[in-house]
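A look at the structure
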Amino acid sequence: MILALLCSLEPQVVHADSGRNVDPDFEAVRARLSFPVYNYDMTIKTGDALNIEVVTRIDMTKPKGQRIELVSSTDPKVVDTVMKEIRANDNENDNLGEIWCDQLSSKVPDTYTTTETTDQTRTIKFVPVPETEEQRAIFPYLIGEMTLDAETASVMGLKLVNTSSFKPSPIAKIRELEIVYTCQALENGMLALASYSANVKGTAFFQSFKETEVMQLSNFHPVDAK
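I will try to describe carefully the structure that is included in this document. (Residues numbered from 1 in each chain as written. Predicted model: local features only at pLDDT ≥ 70, side-chain atom pairs only at ≥ 80, totals over all residues. Heavy atoms only, no water.)

Things to note about the state of the cysteines
On inspection of all chains with the given rule, the structure shows 1 disulfide. Through a disulfide, C101 is tied to C183; the S-S separation comes to 2.0 Å. Torsion about the S-S bond of the C101 and C183 cystine: about -115 degrees, corresponding to left-handed handedness. Of the two residues, C101 sits in the loop between α3 (76-93) and β4 (113-117) while C183 sits in strand β9 (residues 172-185), which places them 82 residues apart along the sequence. (Disulfide = S-S within 2.5 Å. Helix = DSSP H or I, 4+ residues; strand = E, 2+ residues; numbered from the N terminus.)

Considering the pattern of salt bridges
Oppositely charged side chains can pair when the atoms bearing their charge come close. Taken as a whole and judged by the stated rule, the model has 6 salt bridges. For K201, the salt bridge is made with E176, and the minimal N-O distance between the two is 3.9 Å. Placement of K201 in strand β10 (residues 191-204) and of E176 in strand β9 is noted, with a sequence separation of 25 residues between them. Note on K201: relative accessible area 28%, which makes it partly exposed. Accessibility expressed as a relative area gives 44% for E176, which makes it partly exposed. Here the residues in one salt-bridge network are E27, R30 and D110, joined through shared partners. (Salt bridge = Lys/Arg side-chain N within 4 Å of Asp/Glu carboxyl O. Buried < 20%, exposed > 50% of the residue type's maximum accessible area, 1.4 Å probe, protein only.)

Examining the environment of T203
Here T203 shows up in strand β10. Look at T203 and you get partly exposed, because its relative accessible area is 23%. A sequence separation of 30 residues divides T203 from K173, and the C-alpha atoms of the two residues are 5.3 Å apart. Ignoring anything within four residues of it in the chain, the contact list for T203 reads I171, A172, K173, R175, S208 and F209. (Contact = heavy atoms within 4.5 Å.)

Observations concerning the packing of aromatic side chains
Under the criterion given, the structure shown has 5 aromatic pairs. Measuring from centroid to centroid gives 5.0 Å for Y141 and F166, while their planes differ by 10 degrees, and the two rings are stacked. Taken together, the residues span a long stretch of sequence, with Y141 in the loop between α4 (133-136) and β6 (142-149) and F166 in strand β8 (residues 166-169) at a distance of 25 residues. A relative accessible area of 30% means that Y141 is categorised as partly exposed. You can call F166 buried: its relative accessible area is 4%. Between Y181 and Y196, the ring centres sit 4.5 Å apart and the planes meet at 35 degrees, which makes this aromatic pair tilted. Within this pair, whereas Y181 is found in strand β9, its partner Y196 is found in strand β10, the two being separated by 15 residues in sequence. The burial state of Y181 is the same as that of Y196; both residues are buried. One cation-aromatic arrangement involves R32 over F35; the distance from NZ or CZ to the ring centre is 4.5 Å. (Phe/Tyr/Trp six-rings, centres within 6.5 Å; stacked < 30°, edge-to-face > 60°. Lys NZ or Arg CZ within 6 Å of the ring centre and 35° of its normal.)

Things to note about the pairing of strand β1 (residues 38-46)
Where burial is concerned, most of β1 is hidden: 8 out of the 9 residues are buried. Taken together, β1 and the strand that follows it, strand β2 (residues 52-58), pair antiparallel across an intervening segment of 5 residues, in which G47 is found at a positive phi of about 95 degrees. (Pairing = 2+ DSSP bridges.)

Observations concerning the side chain of S105
Following the sequence through the fold, S105 ends up in the loop between α3 and β4. Within the structure, the side chain of S105 is placed 2.6 Å from the backbone oxygen of D102, a separation counted as a polar contact. Setting aside residues no more than four positions away along its own chain, S105 makes contact with F26, V29, R30, M146 and V155. (Polar contact = N/O pair within 3.5 Å; in protein donor to acceptor, adjacent residues only side chain to side chain.)

As for helix α2 (residues 24-31)
Spacing of three or four residues puts side chains on the same side of an α-helix, whose turn is 3.6 residues. The complete set of buried residues in α2 reads F26, E27, V29 and R30. Buried positions in α2, seen along its axis, are confined to an arc of 155 degrees and lie on one side of it. For α2, the exposed residues lying more than 90 degrees away from the buried face are P24 and A31. Buried residues along α2 sit against β5 (121-126), β6 and β7 (155-162). (Arc of directions from axis to C-beta.)

In structure tokens form, the structure reads like this:
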């Protein structure tokens, strides 16, 4: 599933010796360590026309491994696979609480370039740096484009795309890969993730394929709400 690929696409921080582009406001965003904890719904859509849908509820008050509850599914055949992927990612990465767009700033290395500035937004570009063998097969071909609020430097969105075709394995070739994070403002004034999508086109075993997967977050509630 694409979800497994998404979980591996984690750009790592690199410490550059020279050419560091320092923005004090953005550095403050990147240095932030504390974020509020919210419960939320997570809907995963996949299939040729995104016609397969699995809805889950994330309860951050429960112990790790018990925080994901299946709410509904349009195709019982895919439930076990989807839930296995989600729970495996939770057990390995413990990132279910990372729903705030400012947390995406951890994906930006020390060296980044401002490419566009308007009255409302600023766009920066960066190259993700691999640390694992799996990432080394993918990251050299990707570039990140992050949108920031021009005044606060808060993260408003992120897109990762490939710059050329590449082969993550001997039997597969990726022609197009696009991963997009979108954000929405909550009642506390912070921007939370609204969606996380991936579009992949390529060939495997000499057959062309095209896959799309969308993950949507909604129904946010702070865990301490009465």
